[in-house]
Every structure is written in structure tokens, then in C-alpha cells.
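Fold and geometry: a report
Next come the chains, spelled out residue by residue.
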Amino acid sequence: MIDLRSDTVTQPTEEMRKAMMTAVVGDDVYDDDPTIRELESYVADLLDKEAALFVPSGTFGNQLCLMTHTKRGDEVIVGYDSHIMAHEVGASAVIAGVQLRQIESQGGRFNIETLEGYIREEDIHYPDTGLICMEQAHGDGSVMPLEHMKKISDVAKKHNIPVHLDGARLFNAATALGVEVSEVAKYADSVTFCLSKGLCAPIGSMVVGTESFIKRAKKYRKLMGGGLRQAGFLAAAGLIALKEMVPRLKEDHDLAKYLASELDKFSNIDVIKERLDINMVFFKMTGVDEYKFISAMLQKGIKINGIEDGEWRFVTNNDVSKENIDYTIETMKVLI
């Protein structure tokens with residue numbers, strides 16, 4: 001089965017499975033798991049931050065950071081199309097008890113003057129602006145320049161407001177920009193990234209920040225039900241994800257560009273070329289019944305998602321080859 005729905009569908013590699021079988025573990029709630037400690041230390045060094053924390057998922061990590069940075073009733077500035085805003089089930093209202101203030105965004109980029117104007121003044125009627133959130137790489141397939149991240153960071157520093165970076169695909173962003181991942185992470189006070197997307201680990205994300213921030217976050221992680229016990233089995237896969245799978249992300253990016261070029265040959269497909277920075281291809285397609293097409297593709301051994309906001313999305317990953325893409329294109333020629 002060829003699965004183009006997301007890079008979350010990647011299967012753990014054989015090396016990961018072996019590492020999980022043989023991992024040395026302890027009770028992480030007691031801080032006794034040596035493999036978890038190794039992963040957290042490795043991640044902190046990799047991102048040039050003071051400390052790191054293993055969490056079950058990207059959404060968990062983002063919501064943990066919102067809860068740790070803010071007090072109840074604060075306002076958090078987020079892109080209107082950000083994952084935190086659109087795809088985390090309203091968790092910020094339930095968990096952190098904060099209000100999200102949406103700002104216009106293009107691939108995670110904010111108008112800097114608008115951003116500064118969104119920061120609340122001291123007034124008895126206003127909530128406090130407790131946090132500004134960035135997303136890099138953005139879920140729309142684009143990567144913002146580091147210069148723009150710096151501008152957002154500078155505004156936040158000017159007003160003494162922390163910045164959180166939703167870096168679910170942080171390593172894809174660094175790969176696309178051709179920089180070390182620490183260069184992307186340095187513009188945020190806290191960072192989350194997923195081990196379980198294109199990096200192929202089965203479960204887990206990381207939260208990274210200062211030692212004091214991570215100490216507070218660890219207690220909130222327990223409150224949220226994320227105090228795992230022998231989690232080193234998962235950390236073992238995470239270490240391999242970071243050490244062995246990061247260098248091959250460019251292959252996914254290149255394959256996505258190849259897929260885009262092939263889709264662009266269809267007369268009824270409009271590929272959104274300005275958002276081809278990572279491993280995602282977004283396109284619009286006319287003259288096709290959505291549900292019949294999804295069903296027909298599945299019958300041919302290809303899993304795809306349906307339309308969201310008028311767009312289709314195909315995602316390349318470690319389990320998709322050039323031959324798979326060629327087969328997909330030939331199948332589509334018959335079906336559409």
C-alpha cells in the first residue's frame with residue numbers, strides 16, 4: 001500500500017525496532033530512565049538549548065508549552081492558519097485556559113507592524129499578551145526565512161513576551177534552509193518537534209527550552225497525564241530517528257518536487273508551486289468527484305486524504321519511493 005496521506009504514517013525502521021527491543025529503561029517519572037535521559041540531553045545539545053523533555057505527541061507538546069508559559073486568562077498570538085489554532089481541538093481553552101488571538105499569516109509569516117499592534121497595552125479591560133507562537137516549517141508546506149523569525153523574536157523581546165515555536169517538522173525546515181537546526185531554534189524560548197513524522201519514530205515529540213522552563217513543564221506534563229514510566233523503549237527509536245533519519249529528509253523534499261512536476265502535467269491540476277519547500281505537495285484539481293476518486297485510488301493500493309480548504313495534499317516520506325510516485329501518476333492518468 002502506498003500511503004501519501006502524511007509523513008505521520010511512516011513505519012519505524014528495522015534499526016529502531018531492534019533498539020526498542022534492547023533499550024535499557026527505568027521509571028522516567030522518577031527520572032530513572034537512562035535512555036530517556038540520553039535522548040533529552042542529545043536533543044538539548046542539538047538545538048543549543050539548556051534542557052529537553054520527551055512528550056507523547058506534538059499537540060501535547062504545544063499545549064504543554066502554552067500552559068507552562070502563561071497564566072489562565074492570558075492571550076496568545078497565533079497565526080490564523082496555525083496548527084495550534086486549527087488542528088488541536090481547542091485544547092488551549094481547555095488545558096491552559098488562554099485566549100487565542102489570530103493574526104493573518106502567510107506560511108507562518110506575520111506582518112510585523114500588525115504583530116506589534118496586536119500586543120495588548122496595560123488596561124483593566126484587556127487580557128495580558130502572554131505568548132507569541134511561530135510555526136516552522138508551516139503546515140501549508142512553506143518555510144519562512146530566518147530573517148523573518150528574527151523580526152518576530154525582536155518584537156517579542158522588546159515587549160518582554162516569550163516565543164514558542166511549533167516545530168513539528170523542524171528538521172524539514174532546517175533542511176530546506178540549509179542550516180543547522182539550532183539556527184532555527186534560537187529565535188524561540190521554547191520549541192517542540194516531532195520524532196514521529198518524517199523521522200519515522202513510532203511515538204513521541206520533544207519540548208526544548210531553559211532548565212527552569214523544562215522543570216515547570218515536567219510537572220505540568222505529569223498533570224496532563226504524560227508522565228510515562230519505562231519510556232526508554234520509545235526514546236531508543238527517537239535517538240535513531242535523529243541520528244540516522246535527519247540526513248535523508250532531503251530525499252523526501254526532492255521526491256516531492258518530482259511529484260509536483262508530474263502532477264503539473266495534468267491539465268486539470270494546479271500545483272501550488274510557492275509552497276513546495278518541504279515534503280508536501282498541495283494542488284487544486286477540477287472535474288473529479290472527491291469521494292469516488294479517493295475510493296478508486298484506494299482500490300489501486302494508494303491511500304490519500306480528501307480536500308481541505310479547497311486543496312489536495314500528497315506527502316512524501318521514507319516509505320514512498322520514486323517508483324511509487326510513478327505508479328501513482330500512471331494510476332491517476334487512468335482515473336481522471
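Structure report, in brief. Note on numbering: residues in each chain are counted from 1, in written sequence order. In view of the model being predicted, local features appear only for residues whose pLDDT reaches at least 70, and side-chain atom pairs are presented and counted only at 80 or more, with totals across whole chains, interfaces and linings using the full set of residues. Derived side-chain values reflect all non-hydrogen atoms in the structure, with water molecules and hydrogen atoms excluded from consideration.

**Remarks on the overall build of the protein chain**
Rule in force here: Helical segments are the DSSP runs of H or I of at least four residues, strand segments are the runs of E of at least two, and each set is numbered from the N terminus. The globule rule used here is 2.2 Å times the number of residues to the 0.38 power, and the radius of gyration it is set against is calculated over C-alpha atoms. Any two residues whose heavy atoms approach within 4.5 Å are treated as being in contact. Note on areas: these come from Shrake-Rupley sampling with a 1.4 Å probe, and a residue is covered only by the protein chains present in the view. Neither His nor the chain ends contribute to the count of charged residues, in which Lys and Arg are positive and Asp and Glu negative. Just so you know, the charge point we use is NZ for Lys, CZ for Arg, CG for Asp and CD for Glu.
A count of helices and strands for the protein chain gives 14 helices and 12 strands. A compact globule built from 336 residues would reach a C-alpha radius of gyration of about 20 Å, and the protein chain, at 20 Å, matches this within 12%. Projecting the C-alpha coordinates of the protein chain onto the three principal axes gives extents of approximately 60 × 50 × 35 Å. Considering only intrachain contacts with a sequence separation of at least 6, the fraction spanning at least 24 residues in the protein chain is 75%. A total accessible area of about 15200 Å² is found for the protein chain, and carbon and sulfur atoms account for 49% of it. Computing the positive centroid from 38 side-chain charges and the negative centroid from 52, the protein chain places the two 2 Å apart.

**Considering the packing of aromatic side chains**
Formally: Pairing of aromatic side chains here covers Phe, Tyr and the six-membered ring of Trp, requires ring centres within 6.5 Å, and sorts the geometry by plane angle: under 30 degrees stacked, over 60 edge-to-face, intermediate tilted. Each residue's exposure class comes from its accessible area (1.4 Å probe, protein chains only) as a fraction of the maximum for that residue type: buried when under 20%, exposed when over 50%, partly exposed otherwise.
Under the defined criterion, the tally for this structure stands at three aromatic pairs. When the centroid spacing of 5.0 Å and the interplanar angle of 80° are considered together, the rings of Phe-171 and Phe-193 count as edge-to-face. A residue pair is termed long-range when its members are at least 10 positions apart, and Phe-171 in helix α8 (residues 170-177) and Phe-193 in strand β7 (residues 190-194) qualify at 22 residues. Just as Phe-171 is buried, Phe-193 falls in that class too.

**Quick look at the sheet that holds strand β2 (residues 51-55)**
Counted only if it meets this: Following DSSP output, two strands are said to pair if at least two bridges run between them. Think of each axis as a best-fit line through the C-alpha atoms, taken over the contacting stretch in the case of a helix, with angles from 0 to 180 degrees between the N-to-C directions.
Sheet architecture is open: seven strands sit in the order β2-β8-β7-β6-β5-β3-β4, paired in mixed fashion. The strands lining the two open edges of the sheet, one partner per strand, are β2 and β4 (99-103). On average, each strand axis in the sheet is inclined to that of its neighbour by 20°, with strand direction left out of account. With five bridges joining them, β2 and strand β8 (residues 205-209) adopt antiparallel strand pairing. Its bridge partner being in β8, Leu-53 is matched across the sheet by Val-207.

**Structural notes on the layout of surface pockets**
This is how the line gets drawn: The method works on a 1 Å grid over the protein atoms by themselves. A cavity is a set of points holding a 1.4 Å probe that cannot get out, a pocket is an open set with protein on both sides within 12 Å along at least five of seven lines, and residues with an atom within 4 Å of a point line them. Grid points are joined across faces, edges and corners, and a volume is the space filled by probe spheres set on the points. Amino acids are sorted into nonpolar (Ala, Val, Leu, Ile, Met, Phe, Trp, Tyr, Cys and Pro), charged (Asp, Glu, Lys and Arg) and polar (every other residue, Gly among them).
Quantified by volume, the largest pocket comes out at close to 1100 Å³. Along the walls of the largest pocket sit 42 residues, with His-87, Gly-139, Asp-140, Phe-282 and Arg-313 positioned nearest its centre. Listing elements by their share of the lining of the largest pocket, those giving two or more residues are α3 (58-69), α4 (83-86), β10 (280-285) and β12 (312-315). Tallied by class, residues from the lining of the largest pocket come to nine nonpolar, 19 polar and 14 charged.

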